[in-house]
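Residue-level listing of the chains:
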Amino acid sequence: MSMNKVEKGFYGEFGGCFVNEDLQHVLNILDENFERYKDDPEFIEELRFYLREYIGRENPLTYAKNITAKAGGAKIYLKREDLNHTGAHKINNAIGQILLAKRMGAHRIIAETGAGQHGVATATACAIFGMDCTIYMGKLDTERQALNVFRMELLGAKVVPVASGQGRLKDAVDAALNDLVENYKDTFYLLGSAVGPHPFPTMVKHFQAIISEESKRQILEKEGKLPSAVVSCVGGGSNAIGAFAHYIDEPSVQLIGVEPSEAPTLTEGSPAVIHGFKCYTLLDEEGNPKPTYSIAAGLDYPGVGPEHSYLKKTGRSEYVTVSGQEALEAFQTLSKLEGIIPALESSHAVAYAMKLAGTMGKDESIIVNLSGRGDKDVEQVFNMLKSAR
Ligand SMILES: *Cc1c(COP(=O)(O)O)cnc(C)c1O
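Just so it is clear, the structure is predicted and the values come from calculations on it, not from any experiment. (Residues numbered from 1 in each chain as written. Predicted model: local features only at pLDDT ≥ 70, side-chain atom pairs only at ≥ 80, totals over all residues. Heavy atoms only, no water.)

Even after reading the chapter, I still don't get the site of the ligand, so can you show me in this structure?
In the vicinity of the ligand, 16 residues are found, and the nearest of them are Lys90, Gln117, Ser193, Ser238 and Ser371. Gly236 places a polar main-chain atom, nitrogen or oxygen, 3.1 Å from an oxygen atom of the ligand. For the ligand, whose unbound accessible area comes to 380 Å², protein coverage reaches 97%. (Near = heavy atom within 4 Å. Polar contact = N/O pair within 3.5 Å; in protein donor to acceptor, adjacent residues only side chain to side chain. Areas by Shrake-Rupley, 256 points an atom, 1.4 Å probe, with all protein chains shown as cover.)

Would you mind showing me how to read the sheet that holds strand β4 (residues 75-80) here?
Pairing between sheet strands relies on hydrogen bonds along the backbone, with the strands arranged either parallel or antiparallel. Read from one edge of the open sheet, six strands run β3-β4-β14-β9-β10-β13, paired in mixed fashion. Each end of this open sheet is capped by a strand with a single partner; those strands are β3 (61-63) and β13 (317-322). Put simply, the sheet's adjacent strands are angled 25° from each other on average, direction ignored. Where β3 meets β4, three bridges bridge the pair, whose relative direction is antiparallel. (Pairing = 2+ DSSP bridges. Helix = DSSP H or I, 4+ residues; strand = E, 2+ residues; numbered from the N terminus. Axes fitted to C-alpha atoms, helices over the stretch in contact; angles between N-to-C directions.)

Quick question: what am I supposed to make of the sheet that holds strand β5 (residues 108-113) here?
In space, the four strands of this open sheet follow the order β7-β6-β5-β8, with parallel pairing throughout. The strands lining the two open edges of the sheet, one partner per strand, are β7 (158-162) and β8 (187-189). Taking each pair of neighbouring strands and ignoring which way they run, the sheet shows an average axis angle of 25°. As defined by bridge partners, strand β6 (residues 132-138) adjoins β7 across five bridges and the pair is classed as parallel.

It is not clear to me how the pairing of strand β9 (residues 229-233) should be interpreted in this structure. Could you clarify?
Note on strand geometry: in a regular strand, side chains alternate between the two faces of the sheet. Along β9, five of the five residues are buried, which leaves the element largely enclosed by surrounding structure. Side-chain alternation along β9 places Ala229, Val231 and Cys233 on one buried face and Val230 and Ser232 on a second face that is also buried. As judged from the five bridges shared by β9 and strand β10 (residues 254-260), these two strands associate in the parallel manner. In the sheet register, Val230 faces β10, and the bridge partner there is Leu255. A crossover links β9 with its parallel partner β10, the connecting element being helix α11 (residues 238-244), and its sense is right-handed. (Buried < 20%, exposed > 50% of the residue type's maximum accessible area, 1.4 Å probe, protein only. Right-handed = clockwise from strand over helix to strand, strands pointing away.)

Would you mind showing me how to read the environment of Ala330 here?
Of note, Ala330 is situated in helix α14 (residues 324-338). Apart from the residues lying within four places of it in its own chain, the contact partners of Ala330 are Ser347, Val350 and Ala351. (Contact = heavy atoms within 4.5 Å.)

Honestly, the environment of Val234 in this entry has me stumped. Any pointers?
Note that Val234 resides in the loop between β9 and α11. A C-alpha to C-alpha distance of 15 Å links Val234 and Pro342, two positions 108 residues apart in sequence. Discounting chain neighbours no more than four positions away, the residues touching Val234 are Ala240, Gly257, Val258, Glu259, Pro260, Leu266, Leu299, Val304 and Tyr319.

Can you walk me through the packing of aromatic side chains in this structure?
Given two aromatic rings, one states the distance between the centres and the angle between the planes to describe the pair. In the structure shown here, the tally under the stated rule is nine aromatic pairs. When the centroid spacing of 5.8 Å and the interplanar angle of 65° are considered together, the rings of Tyr189 and Phe200 count as edge-to-face. Of this pair, Tyr189 sits in strand β8 while Phe200 sits in helix α9 (residues 200-208); the two residues are eleven residues apart in sequence, bridging distant segments of the chain. One exposure class covers both Tyr189 and Phe200, and it is buried. Clustering of aromatic rings is evident, with ring pairs tying together Phe34, Tyr37, Phe43 and Phe207. The residue whose ring lies beneath Lys75 is Tyr63, and the NZ or CZ to ring-centre distance is 5.7 Å. (Phe/Tyr/Trp six-rings, centres within 6.5 Å; stacked < 30°, edge-to-face > 60°. Lys NZ or Arg CZ within 6 Å of the ring centre and 35° of its normal.)

Teacher, can you tell me more about the nonpolar core here?
Buried together is how nonpolar side chains tend to be arranged in soluble globular proteins. Core analysis: the largest hydrophobic core is formed by 81 residues, its most contacted members being Ile95 and Phe188. Looking at this core element by element, the count peaks at seven residues for helix α4 (residues 90-103). Composition of this core by domain shows at least three residues from each of domain 1 (11-48 + 89-204) and domain 2 (56-88 + 209-388). Apart from residues no more than four positions distant in its own chain, Phe188 is found in contact with Leu30, Gln97, Leu100, Ala101, Met104, Ala106, Arg108, Ile109, Ile110 and Met203. In terms of nonpolar packing, the next biggest core, distinct from the first, is built from 36 residues, Ala296, Leu344, Ala351 and Val368 among them. (Core = buried A, V, L, I, M, F, W, Y, C linked by side-chain atoms within 4.5 Å. Domains from an automatic or database assignment.)

Could you clarify how one ought to interpret helix α7 (residues 146-154) in this entry?
One full turn of an α-helix is made of 3.6 residues, so residues set three or four places apart face in the same direction. Among all positions in α7, only Asn148, Val149 and Met152 are buried. The arc enclosing the buried residues of α7, seen along the axis, measures out at 105°, which places them on a common side. Seen from the open side of α7, the exposed residues pointing more than 90 degrees away from its buried face are Leu147 and Leu154. Residues of α7 that are buried make contact with β5, α5 (117-129), β6, α6 (139-144) and β7. The first or second residue beyond α7 is Gly156, which carries a positive phi of 95°. (Arc of directions from axis to C-beta.)

Sorry if this is basic, but what is going on with unusual backbone geometry here?
The general pattern is negative phi for most residues beyond glycine and trans for most peptide bonds. Cis geometry is found at the peptide bond from Arg57 to Glu58, where omega equals 0°. If you trace the backbone, Glu58 turns up in the loop between α2 (41-55) and β3. In the segment running from His198 into Pro199, the intervening peptide bond is cis, with an omega of 10°. Structurally, Pro199 is set in the loop between β8 and α9. Even without glycine at this site, Thr86 takes up a positive phi of about 75°. Its place among the elements puts Thr86 in the loop between β4 and α4.

Laid out in structure tokens, this is it:
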């Protein structure tokens, strides 16, 4: 693979586009189209229409008074991405990218998925726009997530199990990239997080920034001032970068990304190029991306978005870890005290926010990005709690 480094798409030393020439050509076309349409008034109007009428935005910024009382300090507000259609933030990006795909004349969408959440969001977006949909998924993952495979099929997608390599997410990404290079004239690769070669991280941030665009307006209405902190869980980093975006230039707002202590990419990783871009990553002794295991499937990725890597290096954001056990407790606490069952991913952010709130004054506030709802995790938690007894 020849290293073809473009200057665009760098966040300090991170990001970039380290891919072969064929793929570079395809990504250049994507970049040109993204730049051309993102500020186009008709594109914006159509995107706003679907955000409102299909996803159900804007979603509320809910004051969580009971966990605030329990934590005993700053007011905790929840940005309710869990209330979006399909139950998480991923649909924001899927709808944004599919509208771009439509403008580019694509009628076939491909995507990768690990646990299946991005595959379901993509299949959903394809259903409403009548697009042909192919989802690549590691063979091992299709066996472990049989119900999500069925969901995608119900939504009209074709799920292709990838048996090569270890049959995991990375192998699914490779298969999707090969498909893209072969079929780019009519095919659009809808990537699921703020990772990958340029322009994907920039594009995914653009479509997820709606989270902080709304939350900033909402907190100013409710509190009359900015929050002291914004807290989000970090897998690849898309919900976090969306929740941070409109606060990055507000130095009084602390930005905190929460990683599972079982996959501490930013907290313990070192800079390296993986999957076509440079970021902090966990490597094994041989320099290969290290397999991770988090109870939250969506946080299980050995790399992280390049902008988070940059925000860490410059000190603008802070990254901390929370264990699976602490997340499991927060999952139960939020359910019991607020009547909201959070995704296990989001439970990591809730756990840290409750600790942080206790160290702050009652006149301060914290926004927690509740990236998704926990219905998908109830059976897993049931089994974990049963075996713990
Ligand atoms: C996929 C997912 C995540 C992690 O992905 P990011 O790109 O880091 O946001 C977090 N929460 C939920 C509910 C998810 O489905």
